[in-house]
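For reference, the chains in residue letters:
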Amino acid sequence: GPKVLQIPSHQIIDMGQMVTLNCDPVSNHLYFYWYKQILGQQMEFLVNFYNGKVMEKSKLFKDQFSVERPDGSYFTLKIQPTALEDSAVYFCASSTPQANTEVFFGKGTRLTVV
Amino acid sequence: GDSVTQKQGQVTLSEDDFLFINCTYSTTTYPTLLWYVQYLGQGPQLLLKVTTANNKGISRGFEATYDKGTTSFHLQKASVQESDSAVYFCALVPGGNYKPTFGKGTSLVVHP
């Protein structure tokens, strides 16, 4: 079936540094999402993105977070600067712009901030 | 706001046992209800979804009924297998929206 690819699968970074998580969504999808999952806990919505703009974001989407998708390239989540509490698995997802459609998830990027 | 509650953190069964995972939801909209399954090291993948109240979703032997009266969407399977071991997330997409809101997940461990 359709696949969302996330690169890298694991990233270790020093606290205070910048990190960019990359996502290659399903090719005909226009809605993009990031979710955060701390080990053993539920997946929590961060942000969704459509037509070049953030549509909705949660309180977890701190000022240090930003997202973009330049034409024809990855949908990215940038954290600058990183903090210890940013350590988690970040899942990218995408869907078509239709109500009740399926949202497809990538395998996640495990971010470890040390 | 919208929310999904899964009370069971972990369920441990033996093969061929009956599975029941509790899920209740709260929303002011007419939602779509979903179950996602997450295998170890993978992202969540859709198991089944139901868009209309009082309907049942069935997939791979799993079933769930969208019960508007009790605001529940419990997941059941008559006979589990070891390969069903995974984390199961109940989720809802509010009417007119796109993003799923997830429950905390229930880890299913099936022993051979």
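Residues numbered from 1 in each chain as written. Chains lettered and ligands numbered in written order. Predicted model: local features only at pLDDT ≥ 70, side-chain atom pairs only at ≥ 80, totals over all residues. Heavy atoms only, no water.

Caption draft 1: Representation of the overall build of chain A. Within chain A, the regular secondary structure consists of zero helices and 11 strands. Reading chain A from its N terminus to its C terminus gives the helix and strand order β-β-β-β-β-β-β-β-β-β-β. A principal-axis box enclosing the C-alpha atoms of chain A has dimensions of 40 × 25 × 25 Å. When each of the 114 residues of chain A is scored for burial, the buried share is 45%. Across chain A, contacts joining residues at least 24 apart in sequence account for 54% of those joining residues at least 6 apart. Put simply, chain A shows about 5900 Å² of open surface, and 49% of that area lies on carbon and sulfur atoms. (Helix = DSSP H or I, 4+ residues; strand = E, 2+ residues; numbered from the N terminus. Buried < 20%, exposed > 50% of the residue type's maximum accessible area, 1.4 Å probe, protein only. Contact = heavy atoms within 4.5 Å. Areas by Shrake-Rupley, 256 points an atom, 1.4 Å probe, with all protein chains shown as cover.)

Caption draft 2: Inspection of the interface of chain B and chain A at higher detail. At the junction of the two partners, chain B supplies 18 residues and chain A supplies 21 residues. A per-residue breakdown of the area chain B buries against chain A is headed by Y98, K99 and F102 of chain B, which together make up 35% of the total. Summed over the shared surface of chain B and chain A, the number is one salt bridge. Put simply, K99 of chain B and E56 of chain A hold a salt bridge, and the shortest N to O gap is 3.8 Å. The interface formed by chain B and chain A contains four residue pairs in polar contact (both at pLDDT 80 or more). At the level of secondary structure, the elements contributing two or more residues to the side of chain B that touches chain A comprise β5 (32-38) and β6 (45-50) of chain B. With three residues, the single largest contributor to the side of chain B that touches chain A is β5 of chain B. Split into classes, the residues belonging to the side of chain B that touches chain A amount to seven nonpolar, eight polar and three charged. (Buried area = accessible area lost by both parts, 1.4 Å probe. Salt bridge = Lys/Arg side-chain N within 4 Å of Asp/Glu carboxyl O. Polar contact = N/O pair within 3.5 Å; in protein donor to acceptor, adjacent residues only side chain to side chain. Nonpolar A, V, L, I, M, F, W, Y, C, P; charged D, E, K, R; others polar.)

Caption draft 3: Representation of the state of the cysteines in the model. In the structure shown here, the tally under the stated rule is two disulfides over all chains. Residue pairing for C23 of chain A: its cysteine sulfur links by disulfide to C92 of chain A, the two sulfurs lying 1.9 Å apart. Because the torsion about its S-S bond is -70 degrees, the bridge between C23 of chain A and C92 of chain A counts as left-handed. Placement of the pair is C23 of chain A in strand β3 (residues 19-24) and C92 of chain A in strand β9 (residues 88-95), with a sequence separation of 69 residues. Covalently, C23 of chain B is tied to C90 of chain B through a disulfide, its sulfur atoms 1.9 Å apart. With the S-S dihedral at roughly -65 degrees, the linkage between C23 of chain B and C90 of chain B falls on the left-handed side. Note that C23 of chain B is positioned in the loop between β3 (19-21) and β4 (24-26) and C90 of chain B in strand β10 (residues 86-93), a separation of 67 residues in sequence. As far as the burial class goes, C23 of chain B and C90 of chain B line up, both buried. (Disulfide = S-S within 2.5 Å.)

Caption draft 4: Focus on the environment of D63 of chain A. Along the polypeptide, D63 of chain A turns up in the loop between β6 (53-57) and β7 (65-68). For the pair D63 of chain A and T101 of chain A, spaced 38 residues apart in sequence, the C-alpha separation works out to 30 Å.

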